[in-house]
Amino acid sequence: MEQEKIINLANEVSVQQGQIVSKTLVQNSYVSVTLFAFSKGEEISSHDSTGDAMVLVLEGTGQFTVDGTEYVLGAGESIIMPAKKPHAVFAKEAFKMLLTVVFPPVA
């Protein structure tokens, strides 16, 4: 993506039927920033991460399960999924999100 240019993040990734589409914006040992577009019914099964993960829903509605508790988020809403806690994502309808993961420093 171009620097010093105004963009609409939701327009940077498109929903494709039967798929989860992702676009990595930043990836290094400290942080990962990725856009996702989920088709209705698609999911990422339960997993965990070494870093804290924050989701910002850009469009639509997504269901997030964090350590067994379900949360339904709409556009403009966020949730933090703590490191090392299992979490999953399900598309109750087509939706787009921005995922930011901050990793702990390596000793």
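Residues numbered from 1 in each chain as written. Predicted model: local features only at pLDDT ≥ 70, side-chain atom pairs only at ≥ 80, totals over all residues. Heavy atoms only, no water.

**Points about the sheet that holds strand β3 (residues 43-47)**
Part 1 of the reasoning: Strand order in the open sheet formed by 4 strands is β3-β8-β5-β6, and the pairing between neighbours is antiparallel. Looking at the sheet topology across the chains shown, the edges are occupied by β3 and β6 (69-74). Looking at each pair of strands side by side, their axes are set apart by 20° on average, direction ignored.
Part 2 of the reasoning: Pairing geometry for strand β5 (residues 61-66) and strand β8 (residues 87-90), over 4 bridges, is antiparallel. Each residue of the ladder has a partner; that of T65, found in β8, is A88. (Pairing = 2+ DSSP bridges. Helix = DSSP H or I, 4+ residues; strand = E, 2+ residues; numbered from the N terminus. Axes fitted to C-alpha atoms, helices over the stretch in contact; angles between N-to-C directions.)

**A few points about the packing of aromatic side chains**
Part 1 of the reasoning: Counted according to the given criterion, the structure contains 3 aromatic pairs.
Part 2 of the reasoning: Ring centres of F36 and F38 lie 6.0 Å apart, and the angle between their planes is 35°; on these two criteria the pair is classed as tilted. As far as burial versus exposure is concerned, F36 and F38 are alike and both buried.
Part 3 of the reasoning: Measuring from centroid to centroid gives 6.0 Å for F64 and F95, while their planes differ by 85°, and the two rings are edge-to-face. With a gap of 31 residues between them, F64 in strand β5 and F95 in strand β9 (residues 95-102) connect regions that are remote in the sequence.
Part 4 of the reasoning: Owing to a relative accessible area of 0%, F64 belongs among the buried residues under this scheme. (Phe/Tyr/Trp six-rings, centres within 6.5 Å; stacked < 30°, edge-to-face > 60°. Buried < 20%, exposed > 50% of the residue type's maximum accessible area, 1.4 Å probe, protein only.)

**Structural notes on the environment of A83**
Part 1 of the reasoning: The topology assignment puts A83 in the loop between β7 (78-81) and β8.
Part 2 of the reasoning: A relative accessible area of 25% means that A83 is categorised as partly exposed.
Part 3 of the reasoning: Once the C-alpha coordinates of A83 and S49 are considered, the two residues, 34 residues apart in sequence, prove to be 5.4 Å apart.
Part 4 of the reasoning: Those residues in contact with A83, other than ones at most four positions away along the chain, are S49, T50, G51 and D52. (Contact = heavy atoms within 4.5 Å.)

**Thoughts on the confidence of the model for the protein chain**
Do not read the predicted coordinates in detail wherever pLDDT is low.
Part 1 of the reasoning: When pLDDT is averaged across the protein chain, the result is 95; 99% of the residues are at 70 or more.
Part 2 of the reasoning: Per-residue pLDDT, averaged within each element of the protein chain, yields its smallest value for β3 (95) and its largest for β9 (98). (pLDDT = per-residue confidence, 0-100.)

**Considering the environment of Q16**
Part 1 of the reasoning: With respect to the helices, strands and loops of the structure, Q16 is situated in the segment before β1 (20-27).
Part 2 of the reasoning: Along the backbone, Q16 and F38 are 22 residues apart, and their C-alpha atoms lie at a distance of 7.5 Å.

**Concerning the nonpolar core**
Part 1 of the reasoning: Counting 16 residues, the largest nonpolar core has F38, V55, F64, M81, F95, M97 and L99 as the members making the most contacts within it.
Part 2 of the reasoning: For this core, the element with the most residues is β9, which contributes 4 residues.
Part 3 of the reasoning: What F95 contacts, discounting residues up to four positions off in sequence, is V15, F36, A37, F38, V57, E59, G60, T61, G62, F64, V89 and F90.
Part 4 of the reasoning: Grouped together as the second largest cluster of nonpolar side chains are 6 residues, V33, L35, A37 and L98 included. (Core = buried A, V, L, I, M, F, W, Y, C linked by side-chain atoms within 4.5 Å.)

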